[in-house]
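Spelled out, the chains give:
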Amino acid sequence: SLPPAEERARRRAWVDPQPAVLDRQVDKMYDALAFAMWRFGLVPNCHVTISFKKLGVVRERQATKLFSKWNKECKRWLKDDKPRKRPRHTPRFTFGGAEYFHVYAVEEGPRLGFHIHQLAYVPPYAWMEFQIKIQQWFARRLRVAQLDPDAILVRTHRAPNEADAVTRAWDWFCYLVKGLS
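Here the structure is a predicted model, which is why all the values come from computation and not from measurement.

Draft legend 1. Region of interest: helix α5 (residues 127–142). Helix length check: α5, at 16 residues, gives a terminal C-alpha distance of 23 Å against a target of 22 Å (1.5 Å per residue), a fit within 8%. All of the buried residues in α5 are Trp-127, Phe-130, Lys-133, Ile-134, Trp-137, Phe-138, Ala-139 and Leu-142. Positive phi shows up at Arg-143, right after α5, with a value of about 55°.

As structure tokens, then:
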């Protein structure tokens, strides 16, 4: 016979080193966010949720590869300040010299399945293009004509002042690490 649920949970908590690992991850994310805000003045103004279940990606390995490639592409896209011939099948807009700073957390949930929450700094003048680009990029990579409207959610926040921007960023951060802390 199995011991009561509380006893099983206590034993698992005693043996499972995962909470300490998660605490370190939260600390690293916090440090990265605080450093970027302090050193570069980059306050995350964009919260992106990508549901790989709704994108039709079932393997976590494929999802993380896609996400890494997306971040690399986005960094290049925002940083690009040289006029050049654009590759075929890419949007025409580019933005010069903007930094792409981001932190993210991976979750597994009943509604969204395997998904990623990401906080990023995207210059406000690029928000509309960012939303278009992320949809187009994932649709092209997954070879689908149109994505599920709930697959990628982009929320932005235009703060009236720096204090409000920082408060919103920390609120989003607390949401991001809800499953880790």
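The rest of the description comes next.
Draft legend 2. Examining the sheet that holds strand β1 (residues 46–51) more closely. What the four strands build is an open sheet, ordered β2-β3-β1-β4; its pairing is antiparallel. Whereas interior strands pair on both sides, the edge strands pair on one side only; in this sheet they are β2 (101–109) and β4 (152–156). Adjacent strand axes in the sheet meet at a mean angle of 15°, parallel and antiparallel pairs treated alike. Of the pairings in the sheet, the one linking β1 to β4 comprises five bridges and is antiparallel in character. By the bridge assignment for β4, Val-48 is matched with Val-154. Helix-sheet contacts for helix α4 (residues 60–79) involve β1, β2 and β3 (113–121), and the interaxial angle to β3 is about 15°. Against the sheet, helix α6 (residues 162–176) makes contact with β1, β2, β3 and β4, and its axis sits at roughly 160° relative to β3, the strand it touches most.

Draft legend 3. Structural view of the pairing of β1. Within β1, six of the six residues are buried, which leaves the element mostly enclosed by the surrounding structure. Side chains Cys-46, Val-48 and Ile-50 project from β1 onto one buried face, and the interleaved His-47, Thr-49 and Ser-51 project onto a second face that is buried too. Relative to β3, β1 runs antiparallel, the two being bridged by six bridges. Considered in β3, the bridge of Thr-49 is made with His-117.

Draft legend 4. Local environment of unusual backbone geometry. The residue Arg-143 is not glycine, and still its phi comes out positive at about 55°. Along the polypeptide, Arg-143 turns up in the loop between α5 and β4.

Draft legend 5. Inspection of the pattern of salt bridges at higher detail. Taken as a whole and assessed by the stated rule, the structure comprises two salt bridges. For Arg-76, the salt bridge goes to Glu-73, with nearest N and O atoms at 2.8 Å. Residue Arg-76 and its partner Glu-73 are located together in helix α4, separated by three residues, close to a single helical turn. Arg-76 gets classed as partly exposed once you look at its relative accessible area, which sits at 35%. Glu-73 is paired through a salt bridge with Lys-133; the nearest N and O atoms lie 2.9 Å apart. Within this pair, whereas Glu-73 is found in helix α4, its partner Lys-133 is found in helix α5, the two being separated by 60 residues in sequence. Like Glu-73, the residue Lys-133 is buried in the burial classification. Taken together, the shared-partner salt bridges in this structure form one network comprising Glu-73, Arg-76 and Lys-133.

The rules behind the values
- Just so you know, the residues in each chain are numbered from 1, in the order the chain's sequence is written.
- Per-residue local features of the predicted model are confined to residues with pLDDT of at least 70, and side-chain atom pairs are confined, for both listing and counting, to 80 or more; whole-chain, interface and lining totals are unaffected and use all residues.
- With hydrogens and water stripped out, all remaining heavy atoms of the structure feed into the side-chain values.
- Each helix is a run of H or I in the DSSP string that is no shorter than four residues. Each strand is a run of E no shorter than two, and both are numbered from the N terminus.
- Residue count minus one, scaled by 1.5 Å, sets the expected span of a helix.
- Each residue is assigned to one of three classes by its accessible area relative to the maximum for its type, calculated with a 1.4 Å probe on protein chains only: buried under 20%, partly exposed between the two thresholds, exposed over 50%.
- The pairing criterion for strands is at least two bridges between them, as found by DSSP.
- To define axes, lines are fitted to C-alpha atoms, for helices over the stretch in contact only, and angles between the resulting N-to-C directions are given on a 0 to 180 degree scale.
- Pairs of residues are marked as contacts when any of their non-hydrogen atoms sit within 4.5 Å.
- Counted as salt bridges are all cases of a side-chain nitrogen of Lys or Arg within 4 Å of a carboxyl oxygen of Asp or Glu.

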